[in-house]
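What the coordinates show
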Amino acid sequence: MENLLKSELKTTVLKLLGGSRGGCICQGQAYETDGGRVFVKSHNKSQARIMFEGEMASLREIQKTNTIRVPQAIKVMDLPGNGAAFAMEYIKMRSLNKYSAKLGEQMADLHLYNKENGEKLRKKEQTIGVGQIEPNYVDKFGFHEVTCYGNITQINEWQNDWPTFFIRHRLQAQMDLIERDYGDRKARELWEQLKPKVPEMFHGLEIIPALVHGDLWSGNVAEDDYGPIVFDPSCFYAGGCEGE
């Protein structure tokens with residue numbers, strides 16, 4: 001691992017900082033390098049690269065919004081034999097406490113970011129401007145990378161409407177796992193009754209794609225002296241609803 005990290009991170013210094021830190025799935029370790037401190041997560045399963053590529057894309061997507069702080073993603077690396085590692089900025093975090101309210105405000109800003117970009121784009125189309133920055137608006141539901149929710153791989157193929165994405169890539173995916181692991185015929189029958197009714201639940205709502213963290217819970221939030229931090233995201237553009 002040491003030689004791999006020195007080569008991939010292009011550093012001559014690689015000093016271990018403290019003991020290793022394990023999460024639910026991955027092991028993590030902080031290092032001092034020529035370019036500063038980094039945190040490296042590793043996982044020895046075959047799907048590790050998919051998991052880390054999705055996490056890296058998610059961190060970068062959140063960072064582009066400039067709404068809430070996330071660690072700077074650096075690089076995903078294949079491990080010898082099997083598995084992968086993911087290097088990112090090291091942030092000395094502590095449990096969320098002082099900045100709980102700020103976290104809520106900034107998460108709301110994240111969820112509204114794409115909607116506000118859409119409004120800016122519409123205003124821009126109504127005016128004549130030279131050299132204006134084009135707002136980056138996403139008009140579909142999904143994500144440009146496969147992500148993982150724990151060990152579960154999530155397909156995020158773009159869909160034009162939220163009910164289709166929600167049914168196909170979230171609810172149906174979960175039901176497929178239930179059928180595979182438990183063979184629950186009753187659950188399958190109930191799902192077949194519910195599935196055609198799901199679109200009705202969104203009737204009369206304007207549904208706008210909203211970037212979400214995708215795995216937000218107390219274990220994936222923290223703070224430092226500068227404010228709240230979120231990490232371990234599994235992003236996608238979900239359905240944000242407003243009444244007509």
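My aim in this report is to walk through the structure given alongside it, one point at a time. (Residues numbered from 1 in each chain as written. Predicted model: local features only at pLDDT ≥ 70, side-chain atom pairs only at ≥ 80, totals over all residues. Heavy atoms only, no water.)

A few words now on the side chain of Ser-42. Assignment of secondary structure puts Ser-42 in strand β3 (residues 36-43). Among residues more than four places away in sequence, those in contact with Ser-42 are Met-1, Cys-26, Gln-27, Phe-52, Leu-79, Ala-84 and Ala-85. (Helix = DSSP H or I, 4+ residues; strand = E, 2+ residues; numbered from the N terminus. Contact = heavy atoms within 4.5 Å.)

Structurally, Leu-59 is set in helix α2 (residues 48-65). Judged by relative accessible area, Leu-59 falls into the buried class, the value being 1%. Taking the C-alpha atoms as reference, Leu-59 lies 22 Å from Asn-97; in sequence the two are 38 residues apart. With residues up to four places along the chain from it excluded, the contact list for Leu-59 reads Val-70, Pro-71, Ala-73, Phe-86 and Pro-233. (Buried < 20%, exposed > 50% of the residue type's maximum accessible area, 1.4 Å probe, protein only.)

Looking now at α2. Between its terminal C-alpha atoms α2 stretches 26 Å, which fits the 26 Å expected from 18 residues at 1.5 Å a residue. Residues of α2 that are buried include every one of Ala-48, Met-51, Phe-52, Gly-54, Glu-55, Met-56, Ala-57, Ser-58, Leu-59, Glu-61, Ile-62 and Thr-65, and no others. Directly beyond the C-terminal end of α2, a positive phi value near 55 degrees is found at Asn-66. (Expected span 1.5 Å × (residues − 1).)

Peptide bonds are, in most cases, trans, and in most cases residues other than glycine have a negative phi. A positive phi angle, near 50 degrees, is found at Lys-10, a position not held by glycine. Within the secondary structure layout, Lys-10 lies in the loop between α1 (2-9) and β1 (14-22). Judged by its relative accessible area of 68%, Lys-10 falls in the exposed class. With phi around 50 degrees, Asp-232 is a residue other than glycine that occupies positive phi space. With respect to the helices, strands and loops of the structure, Asp-232 is situated in the loop between β10 (227-230) and β11 (236-243).

With that out of the way, let us pick up the layout of surface pockets. Put simply, the second largest pocket is a space of about 240 Å³. As for the second largest pocket, its lining consists of 14 residues, of which Ile-152, Gln-154, His-169, Ala-173 and Gln-174 are closest to the centre. Of all the elements in the fold, those that place two or more residues in the lining of the second largest pocket are β7 (152-154) and α4 (162-182). The leading source of residues in the lining of the second largest pocket is α4, at seven residues. When grouped by side-chain class, the residues that make up the lining of the second largest pocket number six nonpolar, five polar and three charged. (1 Å grid on protein atoms, 1.4 Å probe; cavity = no way out; pocket = protein on both sides within 12 Å on 5 of 7 lines; lining within 4 Å. Points joined across faces, edges and corners; volume = space filled by probe spheres on them. Nonpolar A, V, L, I, M, F, W, Y, C, P; charged D, E, K, R; others polar.)

Side chains of Ile-50, Val-146 and Ile-155 sit close together on the surface and give an oily, nonpolar patch of about 210 Å² of accessible area. You can see Ile-50 is positioned in helix α2. (Patch = residues over 30% accessible without salt bridge, like charges linked within 9 Å, V, L, I, M, F, W, Y side chains within 5 Å. Areas by Shrake-Rupley, 256 points an atom, 1.4 Å probe, with all protein chains shown as cover. Salt bridge = Lys/Arg side-chain N within 4 Å of Asp/Glu carboxyl O.)

Of all hydrophobic cores here, the largest spans 40 residues; its most connected members are Phe-52, Ile-62, Phe-86, Trp-162, Val-230 and Phe-236. Listing elements by their share of this core, those giving two or more residues are α2, β4 (73-78), β5 (84-89), α3 (100-125), α4, α5 (185-194), β8 (205-212) and β11. It is α2 that provides the largest number of residues to this core, a total of seven residues. When neighbours within four sequence positions are excluded, Val-230 is seen to be in contact with Ile-68, Arg-69, Val-70, Pro-71, Leu-103, Met-107, His-213, Leu-216, Asn-220 and Val-221. Counting eleven residues, the second largest nonpolar core, distinct from the first, contains Met-77, Leu-79, Ala-85 and Ala-87. (Core = buried A, V, L, I, M, F, W, Y, C linked by side-chain atoms within 4.5 Å.)

Our next topic: the packing of aromatic side chains. Tallied over the entire structure, the rule returns seven aromatic pairs. Seen from their ring centres, Trp-162 and Phe-165 are 5.7 Å apart, and the 25 degrees between their planes marks the pair as stacked. Pair noted here: Trp-162 and Phe-165 are both in helix α4, with a separation of three residues, about one helical turn. The same class applies to Trp-162 and to Phe-165, which are both buried. Aromatic pair Phe-165 and Phe-236: ring centres 5.6 Å apart, planes at 25 degrees, arrangement stacked. (Phe/Tyr/Trp six-rings, centres within 6.5 Å; stacked < 30°, edge-to-face > 60°.)

No statement about biological role is implied by the geometric values presented.
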